[in-house]
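Below, each chain spelled out in residue letters.
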Amino acid sequence: MTVSTITIPVIAIDGPTASGKGTVAHRVAYQLGFHYLDSGALYRLTALSAQRREIDIKDEHALAKLAGALPCSFVGEDIFLAHENVSTLIRAEQIGNLASKIAALPAVRQALYGLQLNFRKTPGLVADGRDMGTVIFPHAKLKVFLTASVFARAERRYKQLIEKGFSASIEDILADLRERDARDANRVIAPLKPAEDAHILDTSNMNIEAAVEHVLRWHAETKI
Ligand code: C5P
C-alpha cells in the first residue's frame, strides 16, 4: 500500500449474512460517488469456480491457487467470471454455503487479501464483508457493524430468493443462516465480529433508507 493510498477514505461495513449490509453499502457508495467492494462476491466466485472444477473442499492449496488467480471483473451491478456474467448464479444458497466453508481456509483469505486492497481508489471506497474493519482495512475512516435478528434476516433472504426466481423455504433459510453465522463467528481466522471502534447498527426494525441515513451521518461526522 502506498502512502497516497492510505489517505483514500474507506467506509467498512461488516455484518452477518442477509443483514442488508450489501444494499446499504451499495447505496452509501452511490450517494458519495465512492467505489464499492462486495468482498463476499470474491468468496462466492471462488466457490463457484471450485465447484465447477470439482476441487475438494479439503484441498486448501488448490483453492488458494484458484482464489489468487480469479479472472473476475465487476461492471456496474454485474459480476463476471472470465467472460461469463455470473451475478445471479453466485447468489444461490448452495454457493453461499460453499463460500462460507472456503472462507474459513487461511490460505484462501490470504490469496484474496491483495485483490481487496486494490479496490481502494479515489475518491473513496465502501467495503462490505465480514472482516473489512478488523483485517482488510483496520484503519478505515468509518466502521459500521450492521446486524439484524436471525428472523428478520431470514425473512429478507426469503423475499430476495423468491424475487430472483429461486425456490425457498423459510425453515431451511433459518437453519442455514444459523449454521453460517456460527461458522463465520467461530472460525479461527478473521472471525465475524465488530471492530472495537465500529458503530453497531441493528436494522431488525429499520428500513434500508434509515440505515443508509445513519451511515451517511456518521461519515459526515467523522474526521479522517
Ligand atoms: O456476504 P456474502 O453472504 O456474499 O458472503 C459469502 C460468504 O463469504 C460468507 O458466508 C462468509 O463466510 C464469507 N465472507 C468472508 N469474509 C468476507 C466476506 C464474505 O468470510 N469479507
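Keep in mind that what you see is a predicted model, and the values were worked out from it rather than measured.

What counts, and where the lines are drawn
- Residues numbered from 1 in each chain as written.
- Predicted model: local features only at pLDDT ≥ 70, side-chain atom pairs only at ≥ 80, totals over all residues.
- Heavy atoms only, no water.
- Pairing = 2+ DSSP bridges.
- Helix = DSSP H or I, 4+ residues; strand = E, 2+ residues; numbered from the N terminus.
- Axes fitted to C-alpha atoms, helices over the stretch in contact; angles between N-to-C directions.
- Contact = heavy atoms within 4.5 Å.
- Salt bridge = Lys/Arg side-chain N within 4 Å of Asp/Glu carboxyl O.
- Buried < 20%, exposed > 50% of the residue type's maximum accessible area, 1.4 Å probe, protein only.

A.B. asks: I would appreciate a short explanation of the sheet that holds strand β1 (residues 10–14) in the present structure.
C.D. replies: Sheet architecture is open: five strands sit in the order β2-β6-β1-β7-β8, paired in parallel fashion. For this open sheet the edge positions go to β2 (35–38) and β8 (199–202), each flanked by a neighbour on one side alone. Here the strands of the sheet are splayed against their neighbours by 20 degrees on average, with no regard to which way each runs. Relative to strand β6 (residues 125–129), β1 is paired through five bridges, and the arrangement is parallel. When the sheet's bridge partners are listed, V10 is paired in β6 with L125. Helix-sheet contacts for helix α3 (residues 39–52) involve β2 and β6, and the interaxial angle to β2 is about 45 degrees. In this fold helix α10 (residues 208–221) packs onto β1, β7 (142–147) and β8, with an angle of close to 165 degrees to the strand it touches most, β8.

A.B. asks: Is there a simple way to think about the pattern of salt bridges in this case?
C.D. replies: Pairing is possible between side chains of opposite charge, provided their charged atoms come close. In total, this model carries 14 salt bridges according to the counting rule given. We note a salt bridge from R180 to E93, for which the minimum N-O separation is 3.6 Å. Taken together, the residues span a long stretch of sequence, with R180 in helix α9 (residues 170–186) and E93 in helix α5 (residues 93–102) at a distance of 87 residues. For R180, a relative accessible area of 2% gives the class buried. Judged by relative accessible area, which is 18%, E93 ranks as buried. Notably, a salt bridge pairs D197 with K143, separated by 3.2 Å at the nearest N-O pair. Here the residue D197 occupies a position in the loop between α9 and β8, and K143 occupies one in strand β7, the gap between them amounting to 54 residues.

Worth remembering: the numbers are spatial, not functional.
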